[in-house]
Amino acid sequence: MKQAIIALGSNLEQPERQLQAALDKLAAQPQIEVRAVSSFYRTAPVGYAEQPDFVNAVALLATDLLASELLALLQSIEAAAGRVRTFRNAPRTLDLDIIDYAGQTLAAPDLQLPHPRAHQRGFVMIPLAEIAPQHLLPGQTATAAELAAALGNEGVQRIGAGG
């Protein structure tokens, strides 16, 4: 099985329930084992500020799925949650991103690995540092904990245990 790191986010229609439902759907997949889930964090929106705060988390998975298959599964879970893609950084019922997949690098039109902005986002690095502090994203020399510390926790507040 390969290790995958997934970021989860929601700011519409009971965000904490959206994240928990997505985690439950991932755990129900026979090709996926959810190994760790961070706490949930309330975070300020990025890019488009005129929207509710987000609830974010990170999950560490083991999977037999290929990265492209995992992406398709995540997108189907988003669609089932009512995700509508209107504009970049728009409010959303559910956002599921592959942050890292087995340390691979990939630059395909529909999937970039590792996620190209994950290392710049406290709402990803702080939850990742909670469950995998020594994790190194491909192309980075700092661990998740070091990146999280450098980014700081402004706008990122732990609100409770996840998963």
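Residues numbered from 1 in each chain as written. Predicted model: local features only at pLDDT ≥ 70, side-chain atom pairs only at ≥ 80, totals over all residues. Heavy atoms only, no water.

Describe the UniProt feature "domain: 7,8-dihydro-6-hydroxymethylpterin-pyrophosphokinase" (unreviewed entry) in the protein chain, with residues and values.
Mapped onto this structure's residue numbering, the UniProt feature "domain: 7,8-dihydro-6-hydroxymethylpterin-pyrophosphokinase" (unreviewed entry) falls at residues 88–99. Summarising residues 88–99: 0% helix, 42% strand, and an end-to-end C-alpha distance of 18 Å. (UniProt positions renumbered as here; feature names shortened; annotations may be inferred. Helix = DSSP H or I, 4+ residues; strand = E, 2+ residues; numbered from the N terminus.)

Let's hear about the environment of Val 124: which residues, and what values?
One can find Val 124 in helix 3 (residues 122–131). Under the relative-accessibility criterion, Val 124 is labelled buried at 4%. Distance in space between the C-alpha atoms of Val 124 and Ile 98 is 11 Å, their sequence separation being 26 residues. Val 124 has contacts with Ala 7, Val 58, Ile 99 and Ala 118, leaving out every residue within four places of it along the chain. (Buried < 20%, exposed > 50% of the residue type's maximum accessible area, 1.4 Å probe, protein only. Contact = heavy atoms within 4.5 Å.)

Outline the layout of surface pockets, listing residues and values.
Taken as a whole, the largest pocket spans an internal volume of roughly 870 Å³. Considering the residues around the largest pocket, the lining is formed by 40 residues, among which Arg 85, Asp 95, Asp 97, His 115 and Arg 117 are closest to the centre. Those elements that provide at least two residues to the lining of the largest pocket are strand 1 (2–10), strand 4 (54–63), helix 2 (67–80), strand 5 (95–101) and helix 3. For the lining of the largest pocket, the class distribution of residues is 21 nonpolar, nine polar and ten charged. (1 Å grid on protein atoms, 1.4 Å probe; cavity = no way out; pocket = protein on both sides within 12 Å on 5 of 7 lines; lining within 4 Å. Points joined across faces, edges and corners; volume = space filled by probe spheres on them. Nonpolar A, V, L, I, M, F, W, Y, C, P; charged D, E, K, R; others polar.)

How would you summarise the environment of Ala 107 if you had to cite specific residues and measurements?
Mapped onto the elements of the fold, Ala 107 is located in strand 6 (residues 106–107). Counting along the chain gives 36 residues from Ala 107 to Leu 71, while the straight-line C-alpha distance between them is 14 Å.

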